[in-house]
Each structure stands twice: as C-alpha cells, then as structure tokens.
Amino acid sequence: MRLLNKFFVLSAFLLFVSVICRANAPADPGGTIGNITGTVTDKADGKPIIGASVSIPDLRTGSITDENGHFTLNNLPKGVYLVQVSYIGYLTLTQKVDFTKTTVINFQLAASTIEAGEVVITGVSKATEIKRDPVPMAAVGKSFIDEHSASGNVIDEIASLPGISAVTTGPNISKPYIHGLGYNRVITLQDGIRQEGQQWGDEHGIEVDQNSIDRVEIIKGPASLTYGSDAIGGVVNLITSTPVPEGKILGSVQEIYGTNNGLFNTSFKLQGNDSGKVWGVVLSDKMAKDYTDPHDGRVYATNFNEKDARAMIGMHKSWGSSYLNASIFDDLQAIPDGSRDSLTRQFTKQITDADPYRPIVPESELNSYSLPVLHQHVQLYRIYDNSNFILGGGNLAVNLGYQYSHRREYTHPEDPDIPGLNLQLATYTYDVKYNFEIAKDYETTVGVNGMYQNNTLGYSTDFPIPAYHQFDIGPFFVLKKTFGKLDLEGGLREDSRSFSGQAAYIDTAVKYFPTLYTGPNPTSTANVTQQFSALNKTFTGTSGSFGGTYNFSDKFLIKGNVARGFRAPSIAELSANGPDPGSQIYHVGNSSFKPEFSVQEDVGAFLTLENVSASAEVFRNNLQNYIFQEQILDANGDPERVNADGSPNPNGQYSKFTYEQTKAVIQGGEFSLDIHPWPWLHFENSLTLTYGQNLGNGEHVPDSLKYLPFIPPAHSHSELRGTFAKGFGTFRNVYGFVGFDHFDAQGHFFSAYGTETYTAGYNLLSAGFGGNIVNAAGKKLVEIFIEGTNLGNVNYQSNMSRLKYFDNPVVPPGVQPGIFNMGRDISFKVVIPFDLSPHEKAEVKM
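Residues numbered from 1 in each chain as written. Predicted model: local features only at pLDDT ≥ 70, side-chain atom pairs only at ≥ 80, totals over all residues. Heavy atoms only, no water.

**Digging into the overall build of the protein**
For step 1, the next point in the chain: What the protein contains, in helices and strands, is 7 helices and 47 strands.
For step 2, the next point in the chain: Taken against the 2.2 N^0.38 rule, which gives 28 Å for 846 residues, the C-alpha radius of gyration of the protein at 27 Å falls within 12% of a compact globule.
For step 3, the next point in the chain: C-alpha atoms of the protein, sized along the principal axes, occupy 80 × 60 × 55 Å.
For step 4, the next point in the chain: Relative to its full complement of 846 residues, the protein shows a buried share of 58%.
For step 5, the next point in the chain: Within the protein, contacts between residues separated by at least 24 positions form 67% of all contacts whose residues are at least 6 apart in sequence.
For step 6, the next point in the chain: Of the roughly 33300 Å² of accessible surface on the protein, a fraction of 59% belongs to carbon and sulfur atoms. (Helix = DSSP H or I, 4+ residues; strand = E, 2+ residues; numbered from the N terminus. Rg over C-alpha atoms; globule rule 2.2 N^0.38 Å. Buried < 20%, exposed > 50% of the residue type's maximum accessible area, 1.4 Å probe, protein only. Contact = heavy atoms within 4.5 Å. Areas by Shrake-Rupley, 256 points an atom, 1.4 Å probe, with all protein chains shown as cover.)

Shown next, in the form of structure tokens:
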C-alpha cells in the first residue's frame, strides 16, 4: 500500500509539473503551421506505398500512409525539423523540412536493402542521421527486433551487433557490454530515463519488457557528457512505441513459442490517439522451462516466469508533448549453481541449509514450468514523464522519473519464505535540457541531470551491500555546427556524486539465519558483529567530447571523435562485505577507491555505393583507476571458498572476491562489407575485434593478470538475406536469411586465481523467414516471424556466459567444467494486428 501511495503521489507531481510548464509556455507568436499532408510513392513506378512510416523524431509524432499512400501530420509547431520516411525494402529517406513554409510535401522512396539514413535521438541536441554524428552509434528498429524473436530478452536481441555483446546467466538474464565494458559502466535507458536496479549484480538482467520496445539506440563509447557517471562505456536506449496516428485505435495480440525451453511469450498491445490525446497499454506474460544443450541435457534452475504491464497517457499539441508512463516488471527466476552428482554428472539440488547431501534432480522437475524453492524475485515499479515544450525559439525537454527496485533471493530450502537477499532501491531521476540555436545554425544544448537514490535492507539473512543514500548532479552543454561538408560537435560537463553509507551490525545467534541488529550497544552485545562501517564519499569529475564528420559526398564520409568519461565507484566496489547468493560470490569492497576516468579516440570511414557499402571503425580507450574483481587466495594458494558468514570452508558455497584498481587499455574495431547486387538481395559481413589489457600501476604485470576480464573474442558475422517488400500474392514484406557466426577462441583471459579460463572457439548457424499476410485491399491481417538459432546444435561455451563457471569445486579429470550454452532453438512468432478506429467501425456499419 505504501508503494502504491508513492506511485499516486509521484503521478500527481509529474502531471502538475507538465501542467505548469504548459501553462507558462508563451503564447504562440505566429501561430502553428497546423497540418502537413502529402503522399509517399515508389520512385520507380510512381505507385503509392501503403503502410510507409512518416515520422518526426524530435516531436515523437508520425503517421502511416493509407491505401492511397497519403499521410497527414497535425498540430505541428513552426521550425525546421528532420522528417524520416521509411518502409521495408526501401531506402530510408531523411529530409529537413521548414514547417513555417510548408503545408504539402511528397516523398518518393527507392527500392533498396541499404540501411542508410538511420536517425537517432539519443545523446544529441536534435534528431540526427547516424552518418553525420561523430560519436560512434548504432540503431535497430521494429523489424530487426521482430526478426530476432528467438532472443530471450531485449539485450540478447542486440548482442550480435558489431561492438556489442552481453554477459549472460541463462536465457533470460543478460547485461549489455559495449567495447569490453559493462555493468556500472554502461547506462541502460528506457525512453531516455536511466534504468536503476542494482546493476552491479551479476545474477539479474535488465528489468524491461522486451515486448514493449520498438527501437534500440546505442552509443558505443564514453557518453558521460550527456548522461554522467556510469556512461563511461556507452549507453543503450530502449525506446517504446511512438503514438499511433491521430484518429486511430490500433492494437495487436502476439504469441512467441520457443522449442528449446518451451518458451511462451504472450503480449497484448493497444494504443489510441484522439486529437492529440494519446494513450497506450502493453500486457505481457512470459514463461519457460529449463533450457537444454547437447552436453548437459536440461540445465537445472534456468526456468523463469515473467509478467509485465505498461500504461501511457499523454498529449501532443502545438505547444509540444507530454507523456506519462507507468510500468511493472515482475520476474520469478530460478537460481542455477551447477552442482552435479560426482559419478553421473547429473544436476543436483540443495535441500537443507546444512547441505551435507544433494539428491539428483528428477526429470519431471527439469521439464517443469514450476520454479524451484531456491529462486529470485525481481520487481521494478517505474513511473516517468517525458515532456517536450516549444519555448522561446527552442525546446525544453523535461524527463522526470521514479523507480522502485525490489530484489529478493530465496536461498533457504527448509524455509522457502525467508529471503537470503532483500534489497530495496528507490531512485528519483531528473533530466532537464534546453535545445536552441545560440547563433545561426549553432545547435546548442544546455542542461542538468542526475538522480537521488535510497537503498534499504529488508528482512533477510545475507547482506552484500549496506543501506545508503546517493545524490548525483551534472550540468553540461553541447554545441554543434555545420560548415558545408563538415559537421563539428563538442561539449563539457562537471559531475558530482555523493555517497552516504550506513553502519550495520549482524546478529549471528541463529545458525544460517543472521539478521540485522538494531538494538543498543552493538559492539558489546554477544553474537553481534559489525558488517559495514559508516561511509561518506564524494566523487567529482569533468567529462567532455569533441569530434567531427566530413562528408566528401553523399557516398563517402569520415568521422573522428575524442571523449573523456567519468565513473564514480559503485556502492558494491566501495562497501561490499557479504554474499550474493545468485552470483555465488562473497564480495569484499575497498573504500579507498578513486573514480575511473577514460579517454577514447574513435575514427571511422563509411562508403555507400549502389551495389556495395562498407565501413571501418577503430577505437582506443585508455582507462585510469579501472576497477576489476579478482579472487582471494587461501593459505595454500588456492581460490578461497567461504560460508555465507565469510568463514573459510574448502567446500563453502561462495568464492571470495575483492576489487582492485589499475591502468588499462581497451582497443579494437568494427568492419563491415555489404554486397547487394540487386535491391532484394544482400550479403552482409561484419568483423568485431576487442582487446583489453591491464597496464598495471607502474609495476611489472604478470601474464596471469595481463588481460582484462569479460573481453569478447573476435567475432565475425555473415548473412545472406532476401527481402521482397511487394511480396507474392497475399504475402507482403517477405524476407528470408541464413546467418553464420564465428567466435574465435579466447586465449587472452584474466587467469589469475582461476578467475577466468580458456574458452574454445565455435561456429553457429542461424536462419529465419517471415512476412505479412494481407487482404485484397492490402491491409495487414497476420505477421509471421520464424527464427532458428544454433541450428547445428553445437556444444559450446561463451566466455561471456557466467554459467561457464558454475560447477562443483572439484571436477573429475578429463571433464569440461561448467554449463554449456543453449542448443538448437526454433522460435515462432505470430502477431495479429487489429484496428478499432472509429471510422473503421462506421465503414462496417455501412
């Protein structure tokens, strides 16, 4: 009830802010342009294109062409805005349009498979074509997400992009990695609001419903300039559906089935727009059994049950727009530990806290959707408002949010209702920026953003981090100017982060069930020990970026950028002193850490010809005070294992890790070649290289410490794809592809203390096809997407999978330890769209 009260209070506050801003917006000095109309046609034959998207990213509004290729955009303000026109199988068209002078505009699209003209809104003052922005970026849209339906979560859907990877703990737990950096070094956003859910932890993923995401934009490199601490490695912005065209009520029902783990992913979506008053809901239900691979069979405790809900209300008018969003993420996730029977190598399970014996898991349990007793319950309640006001010749963007993250891990098999871990994190985020032209054609942004956090410890028996308060603030400015063929962009930022960690004492009187002690005289009370000391820290840092893009022609350009990033140490790195059951790690922090700083240089060249497109991008990231984990050794020089209370035990459940700082460098590049001899066919190839090295702090670095952890191996991807927008008969937007991925062996690994081990190389085959079924009028009736992954059913372990290290402390000779990745999986996705628009009903009545 208290949580619901917070939601209602914050909802009222956000609505109040939106109303006040609208009320104080100046009267429109010259009126609005009102409406713009036009048509979208095929450049070759002049025929109308039905279902083409015409959007204005800066205003977050758009329209879909009707059966005559006609579109209308209403309630548009005066000014120059970038318009994007796109349709599957055609070259995306972007054009700046002056709405002050234009009321009718027509577009012609040329058939092509080149993915050019992509527009992004993340980290820029105004919507910008990727090719014209000096900062390395990538973006994928709805069609890409739909075609990768075999991915268990939204991060896995993008993990194959050049420069992007993911640290995984099974099919539903993935964290993004960009150029070898992840966790608290990459910020994940939803609609520009930063995601906060104890992302220092290993054993839970990004708390976002993948069915609510229509687009993903990625900054590949330091983005501290516009997003502050924790964006030292980059940003992943997960963007929900844009409002539907005015006068429309559109929806869909979706079902995905995966053959490997029996995945069922059901989703319902409904959106409406009545004269600029918009709304939408998304409801999802996702569940799966334990996945299977040819080496391990069914992998115990990798099943899950996730439920999600999202609602949005808002307005889009000539003064701007305001969208209030609320969502709930609720995931019940099993906790694997990889324990096996020593003779048969079948999975076993813990049944008592004393844990003297573990029985083999029966086949019926391995093949069940029911969660085991030991599992985690991850919830994220979120409410946020995205507002954009046309103000004084520019626009004021106000993004305010509240999140409540509740993580519980149930680790007591004889007392299943008592959580081992119980963390409750409340986060208030703010992001206010004004975009304007400080002089003619000088695009300028000034702003400030940050957050306030309050982490509390609920009733539990494990305490890896203390209760704490945190406050971030960072003012910044960005300036962009075009000089003919040269685009220049740069900016500066100053960040401050303050921590206040609370001291905590633990009562250990009851074996296996320690509790927080809140009584008097903790230092002299029997069975009470200090878990955390009080901690007060403030970290400050300056970030900046400067770069340029030179367009030799519309076919060839080069770009370069230098960026300085900043990251304050996380609460776990500073204060941890306890077990994290889901990761099987006993963390030990270091309160003397300094903030991390990085300087990354990026250079890229891009060529786009009629039948060939190619790119080459290289980077070098120099990091100061880089923080990493390493195992602690016992007196015999072996990795130390401990019980939940930290006491040494050779057969203990937890490996003991501490944190260290060093100088480091990460460098590499991405290379692509796309050959498309005909508009419907292309052969796409890419290569990603990433190398990370520990430079030490002036001393000699031994070979075992030479390389950084979680550095992905060289990865190449080749794909032969055919796309037929006009389709065949009642089938439209038909596509098919065959993909081949090669991952090199990873011999450059952080081998000290057994932290990482060698990973063999492997090859994976994938394929997919699908399209739309339409009626005689061209109206979409059903969308079908089929994808197969690991079609060769290959035995492999990814060095980015944490399950690679889940096994018994001692493994028989000749046996490859750890859990292998998922085997063959074929997914079937069916989407049934429907239209409840008023005019559709009227036509039916006639």
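The structure having been displayed, the exposition proceeds.
**Comments concerning the packing of aromatic side chains**
The geometry of an aromatic ring pair is captured by the separation of the ring centres together with the interplanar angle, meaning the angle of the planes.
For step 1, the next point in the chain: A complete count under the given rule lists 26 aromatic pairs for this structure.
For step 2, the next point in the chain: Between Y177 and F710 the ring centres are 6.1 Å apart and the planes differ by 65 degrees, which places this aromatic pair in the edge-to-face class. With Y177 in strand β12 (residues 174-178) and F710 in the loop between β42 (681-696) and β43 (715-724), the pair connects residues that are 533 residues apart, well separated along the chain. There is no split in this pair, since Y177 and F710 are both buried.
For step 3, the next point in the chain: Seen in terms of ring centroids, Y626 and F628 are 6.3 Å apart; in terms of plane orientation they differ by 20 degrees. Their pairing is stacked. One exposure class covers both Y626 and F628, and it is buried.
For step 4, the next point in the chain: Cluster of aromatic residues (ring-pair linked, three or more members): W678, W680, F724 and F728.
For step 5, the next point in the chain: Lying across the ring of F483, K481 places its NZ or CZ 5.4 Å from the centre. (Phe/Tyr/Trp six-rings, centres within 6.5 Å; stacked < 30°, edge-to-face > 60°. Lys NZ or Arg CZ within 6 Å of the ring centre and 35° of its normal.)

**Quick look at the sheet that holds strand β33 (residues 528-532)**
For step 1, the next point in the chain: Strand order across the open sheet formed by 3 strands is β32-β31-β33, with antiparallel pairing between neighbours. This sheet does not close on itself; its edge strands, each paired only once, are β32 (515-517) and β33. Between one strand axis and the next, the sheet turns by 50 degrees as a mean value, whatever way the strands run.
For step 2, the next point in the chain: In this structure, strand β31 (residues 504-507) lies alongside β32, joined through 3 bridges in antiparallel fashion. Residue D507 lies in a different strand from β32, and its bridge partner there is T515. (Pairing = 2+ DSSP bridges. Axes fitted to C-alpha atoms, helices over the stretch in contact; angles between N-to-C directions.)

**Some remarks on the pattern of salt bridges**
For step 1, the next point in the chain: Throughout the structure, instances matching the rule amount to 33 salt bridges.
For step 2, the next point in the chain: Between R60 and D191 there is a salt bridge, and its shortest N-O distance comes to 3.8 Å. Of this pair, R60 sits in the loop between β2 (53-56) and β3 (61-64) while D191 sits in the loop between β14 (186-190) and β15 (193-194); the two residues are 131 residues apart in sequence, bridging distant segments of the chain. Here the two residues R60 and D191 agree in accessibility, since each one is buried.
For step 3, the next point in the chain: Of the charged contacts, one joins D835 and K248 as a salt bridge, the two residues approaching to 3.7 Å between their closest N and O atoms. Pair noted here: D835 is in strand β47 (residues 825-835) and K248 is in the loop between β17 (234-240) and β18 (249-258), with a separation of 587 residues, a long-range link.
For step 4, the next point in the chain: With a relative accessible area of 22%, K248 lands in the partly exposed category. (Salt bridge = Lys/Arg side-chain N within 4 Å of Asp/Glu carboxyl O.)

**Some points on a nonpolar patch on the surface**
For step 1, the next point in the chain: Taken together, the side chains of I438, V446, F477, L479 and L492 present a nonpolar region at the surface, about 420 Å² in accessible area.
For step 2, the next point in the chain: Mapped onto the elements of the fold, L492 is located in strand β30 (residues 486-501). (Patch = residues over 30% accessible without salt bridge, like charges linked within 9 Å, V, L, I, M, F, W, Y side chains within 5 Å.)

**Examining empty space enclosed by the protein**
For step 1, the next point in the chain: Using the criterion set out here, one finds 15 cavities of 30 Å³ or more in the structure.
For step 2, the next point in the chain: Taken as a whole, the largest cavity holds about 190 Å³ of empty space.
For step 3, the next point in the chain: For the largest cavity, the lining is made up of 23 residues, of which G123, V135, L225, E489 and S545 are closest to its centre.
For step 4, the next point in the chain: Those elements that provide at least two residues to the lining of the largest cavity are α4 (224-227), β30, β34 (535-551) and β35 (556-567).
For step 5, the next point in the chain: It is β34 that provides the largest number of residues to the lining of the largest cavity, a total of 4 residues.
For step 6, the next point in the chain: Split by residue class, the lining of the largest cavity holds 11 nonpolar, 9 polar and 3 charged. (1 Å grid on protein atoms, 1.4 Å probe; cavity = no way out; pocket = protein on both sides within 12 Å on 5 of 7 lines; lining within 4 Å. Points joined across faces, edges and corners; volume = space filled by probe spheres on them. Nonpolar A, V, L, I, M, F, W, Y, C, P; charged D, E, K, R; others polar.)

**Quick word on the sheet that holds β17**
For step 1, the next point in the chain: The sheet built from 5 strands is open, its strands ordered β10-β16-β17-β14-β15 with mixed pairing. The open sheet has two edge strands, β10 (137-140) and β15, and neither has a second partner.
For step 2, the next point in the chain: As paired strands, strand β16 (residues 213-220) and β17 are joined by 7 bridges and run antiparallel to one another. Paired with R215 across the strands is I239, a residue of β17.

**Description of the side chain of S165**
For step 1, the next point in the chain: Of note, S165 is situated in strand β11 (residues 164-168).
For step 2, the next point in the chain: According to the relative accessible area criterion, S165 is buried, its value standing at 12%.
For step 3, the next point in the chain: The residues touching S165, leaving out its near neighbours within four places in the chain, are A159, K175, P176, Y177, P712 and M800.

**Focus: the confidence of the model for the protein**
For step 1, the next point in the chain: Mean pLDDT over the protein stands at 89; residues scoring 70 or higher make up 94%.
For step 2, the next point in the chain: pLDDT under 50 marks residues 1-31. Its contacts with residues more than four places away, or in other chains, come to 35 contacts.
For step 3, the next point in the chain: In this model residues 840-846 is a low-confidence stretch, pLDDT under 50, and it forms 4 contacts with partners more than four residues away in sequence or in other chains. (pLDDT = per-residue confidence, 0-100.)

**Looking at the pairing of β14**
For step 1, the next point in the chain: Taking burial as the measure, the 5 residues of β14 include 5 buried ones, the bulk of the element.
For step 2, the next point in the chain: Residues V186, T188 and Q190 of β14 are buried on one face, and the alternating residues I187 and L189, pointing to the opposite face, are buried as well.
For step 3, the next point in the chain: Direction of pairing for β14 relative to β17: parallel, over a ladder of 5 bridges. Paired with V186 across the strands is G234, a residue of β17.
For step 4, the next point in the chain: As defined by bridge partners, β14 adjoins β15 across 2 bridges and the pair is classed as antiparallel. By the bridge assignment for β15, L189 is matched with R194.
For step 5, the next point in the chain: Here β14 folds back onto β15, and the loop between the two strands holds 2 residues, one of which, D191, carries a positive phi near 55 degrees.

**So, the environment of Q631**
For step 1, the next point in the chain: Within the secondary structure, Q631 sits in strand β39 (residues 612-631).
For step 2, the next point in the chain: In this structure Q631 comes out as buried when scored by relative accessible area, which is 10%.
For step 3, the next point in the chain: Residues Q631 and F657 lie 26 residues apart in sequence; the distance between their C-alpha atoms is 4.3 Å.
For step 4, the next point in the chain: Beyond its immediate chain neighbours, meaning those up to four positions away, Q631 contacts P639, S655, K656, F657, Y753, G754 and T755.

**Notes on unusual backbone geometry**
For step 1, the next point in the chain: With a phi angle near 65 degrees, R345 is a residue other than glycine that sits in the positive phi range.
For step 2, the next point in the chain: Locating R345 in the fold gives a position in the loop between β24 (320-334) and α5 (363-366).
For step 3, the next point in the chain: Accessibility expressed as a relative area gives 18% for R345, which makes it buried.

**Description of the side chain of S151**
For step 1, the next point in the chain: Positionally, S151 belongs in the loop between α2 (142-147) and α3 (154-158).
For step 2, the next point in the chain: Given the relative accessible area of 15%, S151 is considered buried.
For step 3, the next point in the chain: With sequence-adjacent residues up to four places away left out, S151 is seen in contact with D156, E157, Q210 and E787.

**So, the environment of N621**
For step 1, the next point in the chain: Of note, N621 is situated in strand β39.
For step 2, the next point in the chain: The exposure class assigned to N621 is buried, which follows from its relative accessible area of 2%.
For step 3, the next point in the chain: Along the primary structure N621 and Q667 are separated by 46 residues, whereas in three dimensions their C-alpha atoms are 6.0 Å apart.
For step 4, the next point in the chain: Those residues in contact with N621, other than ones at most four positions away along the chain, are L181, S598, V599, Q600, A664, V665 and I666.

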